[in-house]
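# An overview of the molecular structure
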Amino acid sequence: MKALILFLLPACLAAQGLRVRAVESGGPVHVTGSRTSSPLMVEVTDENGAPVPGATVSFVLPPSGPGGTFPNGLTTDVVVAGADGRAAASSVRWSQTPGAFEIRVTASNGGLRASMVSPRRLLPPADGMPAAESSGRRRLILLVAGAAAGSVAAGLAVGRRSSGAGSPPAGQTVSIGVPVITVGGPG
């Protein structure tokens, strides 16, 4: 009977382990030369789905070609999972090389390990302009469109007011201020 118990014990231990899964992602497609503030967040759990705080999680980008570097200038970032079992990779500066690649994630805790890959793709910026200019141009277009829509709505409101009982007294002018558009740098 003791031999049977000793024989089954390793099988039970082998069934125990960690699990790692992506819970938040900056998206599978990025623009070459851009920066992502949170490219990937993972959750480390045990075999029962309970969070594993303190697990060491490594995020690894390809050493060359499509990929990028973390703020430390390296293609690897190591993070310790918080009390909720979650760990997030640092901001990534994507490389200038378009193409498909993977972020490899490995979690370990007390001799147990789990791995996953997050497929990604780098695309060149739109219109052939550098990523920073392309990103800023999109923001400017959206801001101008938003300001124009706001001006039209304000004009309609004034038009309704001036044609109804609540119009301003004769000779008084109602004016709408000029919208201010602020364009920030690429983020």
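Look up: the structure comes first, before these words.
Residues numbered from 1 in each chain as written. Predicted model: local features only at pLDDT ≥ 70, side-chain atom pairs only at ≥ 80, totals over all residues. Heavy atoms only, no water.

## Quick look at the sheet that holds strand S11 (residues 112-123)
Operational definition: Each pair of strands is called paired provided DSSP finds at least two bridges between the two strands. For helices the rule is a DSSP run of H or I covering at least 4 residues; for strands it is a run of E covering at least 2, with both sets numbered from the N terminus onward. With axes taken as lines fitted to C-alpha atoms, and helix axes fitted only over the stretch in contact, angles between N-to-C directions fall between 0 and 180 degrees.
As summarised here, the arrangement of the 5 strands in space is S2-S11-S10-S5-S7, forming an open sheet in which the pairing is mixed. Two strands lie at the open edges of the sheet, namely strand S2 (29-31) and strand S7 (76-80), each paired on one side alone. In this sheet, neighbouring strand axes are inclined to one another by 25° on average, regardless of whether the strands run parallel or antiparallel. Two elements, strand S10 (residues 99-109) and S11, share 11 bridges in a ladder whose sense is antiparallel.

## Re the packing of aromatic side chains
Here is the rule: Whether two aromatic rings pair depends on their centres lying within 6.5 Å, for rings of Phe, Tyr and Trp, where Trp uses its six-membered ring; planes under 30 degrees apart make the pair stacked, over 60 edge-to-face, and the rest tilted. Think of it in three bands: with a 1.4 Å probe and only protein chains considered, a residue is buried below 20% of the maximum accessible area for its type, exposed above 50%, and partly exposed in between.
Following the criterion strictly, the structure yields 1 aromatic pair and no others. Relative to Phe-101, the ring of Trp-94 lies with its centre 5.7 Å away and its plane at 50°, an arrangement referred to as tilted. Comparing Trp-94 with Phe-101 shows no difference in burial state: the two are buried.

## Description of the pairing of strand S4 (residues 40-46)
In terms of burial, S4 is largely enclosed, as 5 of its 7 residues are buried. In this sheet, S4 lies alongside strand S1 (residues 18-25) in antiparallel orientation, the contact comprising 7 bridges. Following the sheet pairing, Arg-19 is matched in S4 by Thr-45. When S4 meets strand S8 (residues 86-88), the two strands line up antiparallel, connected through 3 bridges. Residue pairing for S8: Met-41 is matched across the bridge by Ala-88.

## Considering the sheet that holds S8
What the 3 strands build is an open sheet, ordered S1-S4-S8; its pairing is antiparallel. Looking at which strands have only one partner, the edges of the open sheet turn out to be S1 and S8. Between one strand axis and the next, the sheet turns through 25° on average, direction left out of account.

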